[in-house]
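If you want the building blocks of each chain, they are given just below.
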Amino acid sequence: MRFLGDRRRTAGAVEERDPAGGLGRPRAAVAAAVWAATTAVVLAQLLVRGTVGLADNGDANRLVCRLGLVIGPESSQEGFESDYGPVEPCPDGDGFDYTTSWRPLLRLTYWFSRQVTGEQTFDMTVMAVVGAVLLGAGAAALYLALPGATGRRWPLVALVVVAVSDIGFVTYLNSGYTDQAGFIGLLWVCAGLVGVVVHRTWPWLLVLAAAALFTGTAKSALITVVPAVAIALLLSRRHWNRPTATGRWEVPRLGVVLLVLVAVLGGLTAQVARSQGGLLSNGNQFNLLFYTLLEESDDPQADLRELGLPSELGRFAGMSAWEEDTPWDDPVLIDNAGTIFSWRTYVGFFAAHPGRFLEMVPQSIDSVPDARVDYLANLPGEPGGEAPLAERPSPVFWALGLLPSGWPVPAIAFVWLGAAVLGVRWARSREPFRAARGTLAVFLTAYAVSQSVMALGDGYYELAKHNIHAAFATGLLLAVLLEAGVRTGVAALRRRRAAAQEEPEQQGDGPDAVAALDGGGPR
């Protein structure tokens, strides 16, 4: 059996020398097939047996009003509407200053739609098709980034496609939200990360930079993609100095380049986050104070005193920022706006009372499996009625629904912890595929945890919905863990089979067999 061992070592040496794999195989053709298949699966989820999407909760206006669009009159939380009509573009102002990387794509798609149809109206389903194509391209990019031959790559890519096509995620493609940009961007970041770790070339570095910037500027809460990328790259540093397989497009001094990249990405995404209009930020801070802190407090008056706020504000405890009677023009609220609408206020409060914040984190983490909320419709419905949901494959939320809830430490936290431990171990491996898997596990875990924490920026208001990005990252993480588990199980079965085959051979090499070969027999 020494020959088999030599063959395995030789194969490992070939893979180390050429982690891109392929060995002349038509990788581009397979990648195109992945692209087409992923796009088809996502579109089937959205369009087969009737078009579905996600109902607007009022957020669509901040995305489309600058384009001169308004959602149709049939829209409500209980009824999905994909038709948008023309309206006078909203003016520049505090309430409409909302920067997102998704708007330029929407603007371009809307322009193209007008050229083709000659109409000023717009069907958001067209944008859903664009999103499906971009998701498919991201899956194809991940396939190209992974090392090894096709047989080594396709299981992980297939599981990733299953995760991203969950109906709880793809309905965002046909909506006026910007979360879909975060989904698309995250898949491309995964491809860019793997490409940088495995190939260490300029094209993959540019993919990573563009994808991280696109994701981090899709909405302010997604800025945590940058530190998550930094953590994953840091743990894969033993691969930075390895030469590329071909020597072409190799990034010199990769560590220095990555350090500069992370710094630039952090600065750009932070600048975009600071430039957002005050209306959205003020609403988040209002919800954090009144809807969450004071509502959950054992002594609201004492908390108000410590925050430097008058006790009269206690009467607003339990109120959200988006109710019809929210007292934005209350004199006491206006007089204390500088304190209420400042993140410094809440950072200082939680720094002095870390236990209060730590009490909130488990509730946010525990709501991740419920991120596909049941109060936003996927189909047309009547206002005030029950929101109709699309009964279509939802493998990620099915798996998350198996986790128990209500534990002092949320069950999903143990999944993240285990993934982090395995990811760190894999990321340090010299074997390219294990290193790629580890990089993904570390990155997705860090991003999921950070997104669950960021969801608390709006207090408990729509907490489950704000955890949709933590759920999406966890879905991709489950794909990575499942691929590793299946591959480990298959390898164990092969070892047992090989051991069973070797045992008779070893018995046949005993003294009796040698004597028989010498012409004698057993005495």
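One numbering rule holds for all chains: residues counted from 1, following each sequence as written. Since the coordinates come from a predicted model, pLDDT governs what is reported: local features require at least 70, and pairs of side-chain atoms require 80 or more to be given and counted, while whole-chain, interface and lining totals use all residues. Hydrogens and waters are ignored; side-chain quantities use all the structure's heavy atoms.

Caption draft 1: Summary view of the overall build of the protein chain. Numbering of helices and strands starts at the N terminus; helices are DSSP runs of H or I of at least 4 residues and strands are runs of E of at least 2. For the protein chain, the helix and strand inventory stands at 23 helices and 3 strands. Remark: exposure states derive from per-residue accessible area (1.4 Å probe, protein chains only) relative to the maximum for the residue type, with buried under 20%, exposed over 50%, and partly exposed in between. The burial tally for the protein chain puts 47% of its 523 residues in the buried class. In the protein chain, the proportion of contacts linking residues at least 24 apart, taken out of those at least 6 apart, comes to 76%. Throughout, the Shrake-Rupley method with a 1.4 Å probe supplies accessible areas, and for residues the shown protein chains are the sole cover considered. Approximately 24,300 Å² of the protein chain is accessible, and the part contributed by carbon and sulfur atoms is 61%. Contacts are residue-level and defined by heavy atoms, with any inter-residue pair within 4.5 Å sufficient.

Caption draft 2: Region of the structure containing empty space enclosed by the protein. Using a 1 Å grid laid over the protein atoms alone, points where a 1.4 Å probe fits but cannot get out form a cavity; open sets with protein on both sides within 12 Å along at least 5 of 7 lines form a pocket; any residue with an atom within 4 Å of a point counts as lining. Grid points are joined across faces, edges and corners, and a volume is the space filled by probe spheres set on the points. Overall, the coordinates contain 3 cavities of 30 Å³ or more when judged by the stated rule. One number sums up the size of the largest cavity: a volume of about 70 Å³. What lines the largest cavity is L54, G168, T171, Y172, A371, R372, V373, L376 and N378. There is about 50 Å³ of room inside the second largest cavity. Along its surface, the second largest cavity is lined by L142, L156, V160, L187, C190, L440, L444, L476 and V480.

Caption draft 3: The arrangement of helix α4 (residues 102-117) in detail. Expected span, for any helix, means 1.5 Å times one less than how many residues it has. Taking 1.5 Å per residue as the helical rise, α4 with its 16 residues ought to reach 22 Å, and the 22 Å between its terminal C-alpha atoms agrees with that figure. Within the sequence span of α4, burial applies to W102, R103, L106, T109, Y110 and S113. Down the axis, α4 shows its buried residues gathered within 125° of arc, on one side only. Across from the buried face of α4, at angles greater than 90 degrees, the exposed residues are L108 and F112. Of the surrounding secondary structure, the elements contacted by the buried residues of α4 are α3 (60-64), β1 (69-71), β3 (122-123), α5 (124-145), α8 (179-199) and α9 (202-216). Directly after α4, the chain includes G118, whose backbone phi takes a positive value near 75°. As used here, the arc is the angular range of directions from the helix axis to the C-beta atoms.

Caption draft 4: Spatial organisation of the sheet that holds β1. Within the open sheet, the 3 strands sit side by side as β1-β2-β3. Their pairing is antiparallel. Looking along the sheet, the strands with just one partner apiece sit at the ends: β1 and β3. Strands are treated as partners if at least two bridges between them are detected by DSSP. Inspection of the sheet shows β1 paired to strand β2 (residues 83-86) by 3 bridges, in the antiparallel sense. By the bridge assignment, L69 is partnered in β2 with P86.

Caption draft 5: Highlighting the environment of G267. Within the secondary structure layout, G267 lies in helix α11 (residues 254-274). The sequence separation of G267 and V226 amounts to 41 residues, and the corresponding C-alpha distance is 9.8 Å.

Caption draft 6: Region of the structure containing the state of the cysteines. Note on disulfides: each one is a pair of cysteine sulfur atoms within 2.5 Å. Overall, the coordinates contain 1 disulfide when judged by the stated rule. Across the disulfide, C65 is cross-linked to C90 (sulfur-sulfur distance 2.3 Å). Between C65 and C90 the disulfide shows an S-S torsion of about 55°. By sign, it is right-handed. Here C90 lies in the loop between β2 and α4 and C65 lies in the loop between α3 and β1, a separation of 25 residues in the sequence. The residues C65 and C90 share a single accessibility class, namely buried.

Caption draft 7: Structural detail: helix α17 (residues 354-366). Along its 13 residues, α17 runs 19 Å from first to last C-alpha, staying within 8% of the 18 Å computed at 1.5 Å per residue. Taken residue by residue, α17 has M360, V361, S364 and I365 as its buried positions. The buried residues of α17 occupy an angular sector of 135° when projected down its axis, which confines them to one face. Those residues of α17 that are buried are in contact with α12 (278-296), α16 (343-352), α19 (411-427), α20 (432-454) and α21 (463-466).

Caption draft 8: How the structure looks around the packing of helix α2 (residues 27-47) against α5. Between the N-to-C directions of two axes lies an angle of 0 to 180 degrees, each axis being a line fitted to C-alpha atoms and, for a helix, fitted only over the stretch in contact. Taken N-terminus to C-terminus, the directions of α2 and α5 make an angle of 145°; their axes are 8 Å apart at the nearest point. Seen along the crossing, α2 lies across α5 with a hand that is right-handed. Residues R27, V30, A31, V34, W35, T38, T39, V42, L43, L46 and L47 of α2 lie in contact with α5, whose contacting residues are T125, A128, V129, A132, V133, L135, G136, A137, A139, A140, Y143 and L144. Along the lines of polarity and charge, the residues of the contact of α2 with α5 split into 18 nonpolar, 4 polar and 1 charged. It is the rotation of the near helix from the far one that decides the hand of a crossing: anticlockwise by less than a right angle makes it left-handed, clockwise makes it right-handed. Note on residue classes: Ala, Val, Leu, Ile, Met, Phe, Trp, Tyr, Cys and Pro are nonpolar, Asp, Glu, Lys and Arg are charged, and everything else, Gly too, is polar.

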